[in-house]
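The chain contents come next:
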Amino acid sequence: MNIDELTKDGSLEDKLHKQKKLIKDENSRTIFNEVFDKATITAIHELSRKKFFEEIEFIISTGKEGNVFRCNSKNNYYAIKIFKVDTSDFKHMTQYIKGDERFKEVRKEKLEIIKLWTKKEFRNLEDFTKAKIRVPLPIAWNRNCLVMEFIGKNGEAAPRAKEKPFNNPKEKYTLLCEYIAKMLNTKLIHADLSEYNILNNDEELVIIDVGQAVTTMHPNAKEFFQRDVMNMSKYFAKQGVDTSYDKMYQKIKQLTEKLK
Ligand SMILES: Nc1ncnc2c1ncn2[C@@H]1O[C@H](COP(=O)(O)OP(=O)(O)OP(=O)(O)O)[C@@H](O)[C@H]1O
Ligand SMILES: [Mg+2]
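Residues numbered from 1 in each chain as written. Chains lettered and ligands numbered in written order. Predicted model: local features only at pLDDT ≥ 70, side-chain atom pairs only at ≥ 80, totals over all residues. Heavy atoms only, no water.

## Observations concerning empty space enclosed by the protein
Logical step 1: Per the counting criterion, the structure on display carries one cavity of 30 Å³ or more.
Logical step 2: Contributing to the lining of the largest cavity are Thr 94, Ile 97, Lys 98, Glu 105, Val 106, Arg 107, Ile 113 and Leu 116.
Logical step 3: Elements with a minimum of two residues in the lining of the largest cavity: helix 5 (90–97) and helix 6 (110–130).
Logical step 4: For the lining of the largest cavity, the per-class residue count stands at four nonpolar, one polar and three charged. (1 Å grid on protein atoms, 1.4 Å probe; cavity = no way out; pocket = protein on both sides within 12 Å on 5 of 7 lines; lining within 4 Å. Points joined across faces, edges and corners; volume = space filled by probe spheres on them. Helix = DSSP H or I, 4+ residues; strand = E, 2+ residues; numbered from the N terminus. Nonpolar A, V, L, I, M, F, W, Y, C, P; charged D, E, K, R; others polar.)

## A short note on the site of ligand 1
Logical step 1: Around ligand 1, a shell composed of 16 residues is seen, among which Lys 81, Glu 149, Ile 151, Asn 197 and Asp 209 lie nearest.
Logical step 2: Interatomic distance of 3.1 Å between a side-chain N/O atom of Asn 197 and an oxygen atom of ligand 1.
Logical step 3: Burial of ligand 1 by the protein amounts to 85% of the accessible area it has alone, namely 610 Å².
Logical step 4: Put simply, ligand 1 lies in the largest pocket. (Near = heavy atom within 4 Å. Polar contact = N/O pair within 3.5 Å; in protein donor to acceptor, adjacent residues only side chain to side chain. Areas by Shrake-Rupley, 256 points an atom, 1.4 Å probe, with all protein chains shown as cover. Sits in = over half its atoms within 2 Å of the grid points.)

## Description of helix 5
In an α-helix there are 3.6 residues to a turn, and that puts residues three or four apart on one side.
Logical step 1: When we look at burial in helix 5, the residues that qualify are Phe 90, Met 93, Tyr 96 and Ile 97. Along the long axis of helix 5, the arc covered by the buried residues comes to 130 degrees, so they all point the same way.
Logical step 2: Looking at the packing, one finds that the buried side of helix 5 touches helix 6, strand 11 (214–215) and helix 8 (221–238).
Logical step 3: Of the residues flanking the start of helix 5, the one acting as N-cap is Asp 89, its side-chain oxygen 3.4 Å from the backbone nitrogen of Lys 91. (Buried < 20%, exposed > 50% of the residue type's maximum accessible area, 1.4 Å probe, protein only. Arc of directions from axis to C-beta. Contact = heavy atoms within 4.5 Å.)

## Section: the packing of helix 5 against helix 6
Logical step 1: Direction vectors running N to C along helix 5 and helix 6 enclose 50 degrees, while the axes themselves pass 10 Å from each other. The orientation of helix 5 relative to helix 6 falls into the category oblique. When the axes of helix 5 and helix 6 are compared, the crossing they make is left-handed. Contacts between helix 5 and helix 6 pair Phe 90, Met 93, Thr 94, Tyr 96 and Ile 97 from the former with Lys 110, Ile 113, Ile 114, Leu 116, Trp 117 and Lys 120 from the latter.
Logical step 2: Looking at side-chain class alone, the contact of helix 5 with helix 6 contains eight nonpolar, one polar and two charged residues. (Axes fitted to C-alpha atoms, helices over the stretch in contact; angles between N-to-C directions. Parallel < 35°, antiparallel > 145°, perpendicular 65-115°, else oblique. Left-handed = near helix turned anticlockwise from the far one by under 90°.)

## So, helix 7 (residues 169–185)
Logical step 1: Between its first and last C-alpha, helix 7 extends 24 Å over 17 residues, near the 24 Å set by a 1.5 Å rise per residue.
Logical step 2: Taken residue by residue, helix 7 has Pro 169, Lys 172, Tyr 173, Leu 176, Cys 177, Tyr 179, Ile 180, Ala 181 and Met 183 as its buried positions.
Logical step 3: Turning to helix 7, the residues buried within the fold contact helix 6, strand 8 (188–189), strand 9 (198–201), strand 10 (204–207), helix 8 and helix 9 (245–258). (Expected span 1.5 Å × (residues − 1).)

## Focus on the layout of surface pockets
Logical step 1: Of the pockets and cavities examined, the largest pocket occupies roughly 970 Å³.
Logical step 2: In this structure, the largest pocket is lined by 38 residues; those nearest its centre are Ser 61, Lys 81, Asn 197, Ile 208 and Asp 209.
Logical step 3: Of all the secondary structure elements, the ones that give two or more residues to the lining of the largest pocket are strand 1 (55–62), strand 2 (66–72), strand 3 (77–83), helix 5, helix 6 and strand 5 (145–149).

## A look at the sheet that holds strand 1
Logical step 1: If you walk across this open sheet you meet the five strands as 1-2-3-5-4, and the pairing is antiparallel. Both outer strands of the open sheet, strand 1 and strand 4 (138–142), are each paired with one neighbouring strand and no more. The sheet shows a mean angle of 25 degrees between the axes of neighbouring strands, taken without regard to direction.
Logical step 2: Strand direction decides the pairing type here: strand 1 and strand 2, joined by six bridges, are antiparallel. For Ile 59, the partnering residue across the bridge sits in strand 2 and is Phe 69.
Logical step 3: Against the sheet, helix 6 makes contact with strand 3, strand 4 and strand 5, and its axis sits at roughly 165 degrees relative to strand 4, the strand it touches most. (Pairing = 2+ DSSP bridges.)

## Focus on unusual backbone geometry
Where the residue is not glycine, phi is negative for most of them; where a peptide bond is considered, it is trans in most cases.
Logical step 1: One non-glycine residue with positive phi stands out, namely Lys 132, at about 65 degrees.
Logical step 2: A positive phi is found at Lys 187, a non-glycine position, where the angle reads about 65 degrees.
Logical step 3: Its place among the elements puts Lys 187 in the loop between helix 7 and strand 8.

## Quick word on the packing of aromatic side chains
Logical step 1: For the coordinates displayed, the defined rule picks out six aromatic pairs.
Logical step 2: The cationic tip of Arg 70 hangs over the ring face of Tyr 77; the distance from NZ or CZ to the ring centre is 3.8 Å. (Phe/Tyr/Trp six-rings, centres within 6.5 Å; stacked < 30°, edge-to-face > 60°. Lys NZ or Arg CZ within 6 Å of the ring centre and 35° of its normal.)

## Digging into the coordination of the magnesium ion (ligand 2)
Logical step 1: Coordination of the magnesium ion (ligand 2) by the protein is provided by Asn 197 (OD1) and Asp 209 (OD), with metal-donor distances spanning 2.2 to 2.3 Å. In this pair, Asn 197 is assigned in the loop between strand 8 and strand 9 and Asp 209 in the loop between strand 10 and strand 11, connecting sequence segments twelve residues apart.
Logical step 2: Among the residues examined, Asn 197 registers a relative accessible area of 7% and is labelled buried.
Logical step 3: A residue is classified by how much of its surface remains accessible, and Asp 209, at 22% relative accessible area, is partly exposed. (Donors = N, O, S within 2.8 Å, 3.2 Å for Na, K, Ca; no water.)

In structure tokens:
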């Protein structure tokens, strides 16, 4: 849908009503109502006015806490992640904000927590990118909306490692260990690593969903790190790589020294 058409002239209600009618599919209609409250539309409009993108085209993924859409500009696709303000799990989010010294503000209001969460995912994408860990490039954020590089080929979003395992798991296992070592060297922990948050972009490994990533100073940092290593060692062992929790842990430890 074109953002300008939604907000240009006439009342927003009218425009919204028309847009809703256009969406035939029942599921999409529910998503539309949940995601595009007025303030979110304004936030999207601001981002599009600043020329980060022109159109939101279609939904790539629906989730508990947010939805991801493909959007476009003249020559490019982007992904926009829009967090739900009403139904997100705030307790869960707060756990990863508190204790991260980069985010000292402790908020109680829903909207403020979501804004902080959006900003945190953006900041994490920046920090990971600086550390040369392959994540989508961050483009912009506003309120509960995060614009980032679209990961995919020929306009098709890349599948997750869960659905499309890599052709060469051993090589990707080593690469992931390097990425985790680089994270540790920059004092970051992803904290939700799994085959659901790794995309297989035509055999390029891209880590996504970095909102919950915390610094190594976080009181639960060790537990989060161990969980990441546990998940990933299990996944790669299933793919035939000779690994286990202990082996992966040791490999990451060695790599942290080597990559310093
Ligand atoms: N930059 C991107 N490019 C292409 N697809 C993306 C991008 N970011 C996310 N996706 C798609 O959207 C899905 C959900 O994104 P993400 O994992 O960041 O959100 P989430 O909050 O974990 O959602 P969920 O509750 O579904 O797990 C991903 O599994 C992926 O398919
Ligand atoms: Mg995810």
